[in-house]
Amino acid sequence: TATAVRTCGFSFSGRYIMYTTDKTMGRPCEIHIFDLNDIRNGEPTMVIPISSSKITSAVWGPYEEYIITGHENGEICHYDLKSGDKINSCKEHSKQINDLQLSKDMSMLISASKDTTAKLFETATLGHMKTYKTERPVNSASLSPIYDHVVLGGGQEAMDVTTTSTKVGKFDARFYHLVFEEEFGRVKGHFGPINSTAFHPDGKSYSSGGEDGYVRVHYFDPSYFDFRFEF
Amino acid sequence: NIFSDFDKYEKIPEEWEPPKPKPYHDVGNLRYFLQEPDCYDQFSVIYDGGDRTAIFKNTAREPVLIEERARWTETYIRWSPQGTYLATFHAKGIALWGGEKFEQIMRFSHPGVQLIDFSPCERYMVTFSPILSTQEDQQQIIIWDIRTGMKKRGFHCETQSTWPILKWSNDGSYFGRITPDTLSVYETPSMGLLEKKSLKITGLRDFSWSPSDNIIAYWVPEQQNVPARVTLIQMPSRQELCIKNLFNVADCKMHWQKNGDYLCVKVDRYSKAKKIDEKDQFKYSGLYYNFELFRIREKQIPVDKVEVKENVIAFAWEPVGSRFAFIHGESPRISVSFYQIRPGKVETIKTLERKQANHLFWSPAGQFIVLAGLRNMNGVLEFVDASDVTVMAQTEHFMATDVEWDSTGRYVVSAVSWWGHKVDNGYWIWSFQGRLLQKIQLERFCQLLWRPRPPSLLSIEQMRAIKKNMKKYTEQFEVMDRLRQSNVSTEILEKRSEMMNEYKSFRERATEEWESMKYRRLELRDGVDTDTLEYEENDEEIVEFLLKVEEVVVEE
């Protein structure tokens, strides 16, 4: 590709792939979609140019009907696959979206943003449901497949300001209750900001990858499974 | 007189109309905040880089917002010394706000105002603006009467010295200012020079009022053969109460104890002085330090001397009591020493060594002190009980720029101001023992100021009686606390069950949708049902294979 690729992903069926390119060197930001069954001399099946704020994160919508994109200005949009039009959008975040992830049944979308919050949306309507607040930019957020839990990973970028407290292993992954928006746990261990988090599909463990170059795989203690919020 | 005065005086009408009385503007109960039933103090917060100013109540779980306005002030804000008014700065002047709804009480027009000061009794306010304009004869320093809003007197100021230039006596009956070689004392409300004449003191460097009596302390550096001296004089009689001569003085700094019981003068002494060029400028070297402690309440004001080997970084009196503490030394060997003044001598209580501190903050109620290493010392905080000089807690608020005690001495706030540090702005609330109570983060938080309280109206006997009967009162408080806790938990539980119910209905819809779309999922993945993907347990397969052949010969 001519410019850097920001995100990429397989569609639900695995028949399509999409990737987004950066807005640099005079080229606009674009979504490229390939039909793997029908590759004609390396040309994408569909290219959707993005004229507004560039895309910083993107995932496939459920059932391959649209692509969900997160932008540098905090907007989240739906782009229709067939027509390439923007069919929905919302601007709940004030700074760039660092990560978008879907829930296991694809009904909910969680966005992680540089504005120090992560927000939960209804995938189909982009209706804002919940907000999870922290003090640092959130680089990644994931939804547990089996519980109402959310994990957030983030941290101050080294290039922004180098005065975060230099206590060892201070960067942590934070667990919030999905419905109550309250933090109930933190896992320390990373030496640098966490850039990506993901729950294992069975919900019994999660992994986090960080700026420090480590990928940490954590298996939950029995107490995690017994933990209950009172309500 | 200005030219326009001619017109003004020509046009005086023949008939004189008596001025109409202005209707009384009732500002309401300005001290309503003292009647807060749970005794929560208020504090002001500027955040969003200065755009938003808010007043909060320091409630138990998190601060409750009382009032918030955007662009309330253009630069920063100040509380009046007894907490009655909130002053905001604007290009055109100052506005004072107060009362339950923070209505505007008074406006003062002084274009370009930069600094303000209040008289301790809150009757007068002084404003300073560096702009000199010939229109309307504007002066740089103006004294206002707060209740009427009238300009009482103005001054020009020739030199930009330290603010406040006009220093008030504690009851507001006098104020003074220094001009080269002169100390001018004025009396209120006439604003005229006391006895129509100033005090001529050659070489006068600095003066200060006692916080409780009408006594002025001033010092004069040494000139030719006359040693330096510190003098205390009584106002208005101008009687000299005490004079102390000091030798080899490079500089002096005066610190009054809050009750006016003691005055400490920190004296920088030199062992060698070299005159540079023809002017009376000296270069001092080989500096050493000592404190001269004046016992104001004792007859003839005896003076004690305490010598300090090292450079003194900070000094502070305990606000109620007779202790003081100071930080001395050079990084990294910095120590904090505590002294007690007893009848007859000044004794060291204890010295804490190897501390990271550059500021001292005593609790307004005394006994407790916070040693803080602010700004470049990364925000190290130590909470010390001065009665036995033990460290109660050692904590840190990374990159803290300010520390503020509330006026009752129960809470301490450490803050990271956006004006000093661009990230992590917010404030943390601690108990007086150093236990962290709350952490509040605010976007581009700039300044937090506690609302001061007027001095207590209780007499000493009444306060002693309350302390004796403390057990009775604590029972009542415990009951109230328990009630509040249970209220809070039921509130939380209710809120949570509401949220959960909402969420459950959403999940029901989502599950329905999921079920209905099953066909699509099968379609997309070629008929393979991937909804329940689990690890396949190892299928057991029974495989038979030949182990061995054994030939047994049966009967022949």
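Note that the structure is predicted; figures quoted are calculated from it, not measured.

**Q** So what exactly am I meant to see when it comes to a negative patch on the surface here?
**A** Residues and elements named next belong to chain B. Together, Glu491, Glu494, Glu498 and Glu502 make up a negatively charged patch on the protein surface. Considering the arrangement of structural elements, one finds Glu502 in helix H3 (residues 470-516). Overall, Glu502 belongs to the exposed group, its relative accessible area being 54%.

**Q** Is there a simple way to think about the sheet that holds strand S16 (residues 183-190) of chain A in this case?
**A** Within a sheet, adjacent strands bond to each other through the backbone by hydrogen bonds, running parallel or antiparallel. Residue and element names in this part refer to chain A. One open sheet holds the four strands; their spatial order is S13-S14-S15-S16, and the pairing between them is antiparallel. Edge positions in the sheet fall to strand S13 (138-143) and S16, since each of these pairs with one other strand and no more. Along the sheet, successive strands turn relative to each other by an average axial angle of 20 degrees, direction set aside. The sheet contact formed by S13 and strand S14 (residues 149-154) spans five bridges and is antiparallel. Following the sheet pairing, Leu143 is matched in S14 by Val150.

**Q** Hey, could you run me through the confidence of the model for chain A in this one?
**A** Residues and elements named next belong to chain A. Averaged over all residues, the pLDDT of chain A is 85; the fraction at 70 or higher stands at 92%. Confidence, read as mean pLDDT per element, is least for strand S4 (residues 46-50) in chain A (81) and greatest for strand S19 (residues 215-219) (93). When the criterion is pLDDT under 50, residues 159-164 qualifies, and its contacts beyond four places in sequence or with other chains add up to nine contacts.

**Q** Mind showing me how you'd approach the nonpolar core here?
**A** Considering soluble globular proteins, one finds that nonpolar side chains tend to be buried as a cluster. Among the nonpolar cores identified, the biggest contains 30 residues, and Leu86, Ile94, Leu96, Phe108, Ile116, Phe118 and Met125 of chain B are the most heavily contacted of them. If you list the elements that add at least two residues to this core, you get strand S4 (77-79), strand S5 (86-90), strand S6 (93-98), strand S7 (103-109), strand S8 (115-118) and strand S10 (141-145) of chain B. At four residues, the largest contribution of residues to this core is made by S6 of chain B. In terms of nonpolar packing, the next biggest core, distinct from the first, is built from 20 residues, Tyr132, Val150 and Leu178 of chain A together with Phe506 of chain B among them.

**Q** Sorry if this is basic, but what is going on with the UniProt feature "repeat: WD" (unreviewed entry) in chain A here?
**A** Taking the numbering used here, the UniProt-annotated feature "repeat: WD" (unreviewed entry) corresponds to residues 90-131 and 187-217 of chain A. Annotation note: span residues 187-217 of chain A, helix share 0%, strand share 61%, distance between end C-alpha atoms 11 Å.

**Q** Explain the interface of chain B and chain A to me, please; I cannot follow it from the model alone.
**A** Quoted interface sizes are often the accessible area lost when the parts come together. Between chain B and chain A, the residue contacts involve 27 residues of the former and 35 residues of the latter. Of the roughly 2700 Å² buried where chain B meets chain A, counting both sides, 60% is carbon and sulfur surface. Taken as a group, Arg496, Tyr503 and Leu524 of chain B account for 23% of the area that chain B buries against chain A, more than any other trio of residues on that side. Between chain B and chain A we count two salt bridges in total. Run the count over chain B and chain A and you get three residue pairs in polar contact (both at pLDDT 80 or more). Elements that contribute at least two residues to the side of chain B that touches chain A include exactly H3 and helix H4 (518-524) of chain B. Ranked by residue count, the leading element in the side of chain B that touches chain A is H3 of chain B, at twelve residues. Of the residues contributing to the side of chain B that touches chain A, the split by class is twelve nonpolar, three polar and twelve charged.

**Q** Honestly, the sheet that holds strand S18 (residues 215-220) of chain B in this entry has me stumped. Any pointers?
**A** Residue and element names in this part refer to chain B. The four strands lie next to each other as S17-S18-S19-S20, forming an open sheet whose pairing is antiparallel. Among the strands making up the open sheet, the edge pair consists of strand S17 (206-209) and strand S20 (239-246). Sheet twist, expressed as the average angle between the axes of neighbouring strands with direction ignored, equals 15 degrees. Across six bridges, S18 lies against strand S19 (residues 228-234) in antiparallel orientation. Bridge pairing links Ala217 to Leu232 in S19.

**Q** Explain the side chain of Thr117 of chain A here, please?
**A** Residues and elements named next belong to chain A. Assignment of secondary structure puts Thr117 in strand S11 (residues 117-122). For Thr117, the side chain forms a polar contact with the side chain of His93, separated by 3.3 Å. Setting aside residues up to four positions removed in sequence, Thr117 forms contacts with His93, Ser111, Ala112, Thr131, Tyr132, Lys133 and Val138.

**Q** Sorry if this is basic, but what is going on with the pattern of salt bridges here?
**A** Where charged atoms from two side chains of opposite charge come close, those side chains can pair. In the structure shown here, the tally under the stated rule is 30 salt bridges over all chains. Note that Arg174 of chain A and Glu135 of chain A form a salt bridge whose closest N and O atoms lie 3.7 Å from each other. Taken as a pair, Arg174 of chain A in strand S15 (residues 171-177) and Glu135 of chain A in the loop between strand S12 (127-133) and S13 lie far apart in primary sequence, 39 residues in all. Judged by its relative accessible area of 9%, Arg174 of chain A is buried. With a closest N to O distance of 2.7 Å, Asp41 of chain B and Arg453 of chain B form a salt bridge. Here Asp41 of chain B is found in the loop between helix H1 (4-10) and strand S1 (42-47), whereas its partner Arg453 of chain B is found in the loop between strand S39 (447-450) and helix H2 (460-468), with 412 residues between them in sequence. Asp41 of chain B gets classed as buried once you look at its relative accessible area, which sits at 3%.

**Q** Hey, could you run me through unusual backbone geometry in this one?
**A** With the exception of glycine, the majority of residues adopt a negative phi angle, and the majority of peptide bonds are in the trans configuration. Residue Pro236 of chain B follows Met235 of chain B across a cis peptide bond; omega there is 0 degrees. Tracing the backbone shows Pro236 of chain B in the loop between S19 and S20. Non-glycine residue Glu64 of chain A carries a positive phi angle of around 55 degrees. The residue Glu64 of chain A is located in the loop between strand S5 (55-60) and strand S6 (66-71) in this model. With relative accessibility at 6%, the residue Glu64 of chain A sits in the buried group. Even without being glycine, Met399 of chain B reaches a positive phi, approximately 65 degrees. Note that Met399 of chain B resides in the loop between strand S34 (390-396) and strand S35 (402-405).

Here is what the cut-offs are and how they apply
Residues numbered from 1 in each chain as written. Chains lettered and ligands numbered in written order. Predicted model: local features only at pLDDT ≥ 70, side-chain atom pairs only at ≥ 80, totals over all residues. Heavy atoms only, no water. Patch = residues over 30% accessible without salt bridge, like charges linked within 9 Å, V, L, I, M, F, W, Y side chains within 5 Å. Areas by Shrake-Rupley, 256 points an atom, 1.4 Å probe, with all protein chains shown as cover. Salt bridge = Lys/Arg side-chain N within 4 Å of Asp/Glu carboxyl O. Lys, Arg positive; Asp, Glu negative; His and termini not counted. Charge placed at Lys NZ, Arg CZ, Asp CG, Glu CD. Helix = DSSP H or I, 4+ residues; strand = E, 2+ residues; numbered from the N terminus. Buried < 20%, exposed > 50% of the residue type's maximum accessible area, 1.4 Å probe, protein only. Pairing = 2+ DSSP bridges. Axes fitted to C-alpha atoms, helices over the stretch in contact; angles between N-to-C directions. pLDDT = per-residue confidence, 0-100. Contact = heavy atoms within 4.5 Å. Core = buried A, V, L, I, M, F, W, Y, C linked by side-chain atoms within 4.5 Å. UniProt positions renumbered as here; feature names shortened; annotations may be inferred. Buried area = accessible area lost by both parts, 1.4 Å probe. Polar contact = N/O pair within 3.5 Å; in protein donor to acceptor, adjacent residues only side chain to side chain. Nonpolar A, V, L, I, M, F, W, Y, C, P; charged D, E, K, R; others polar.

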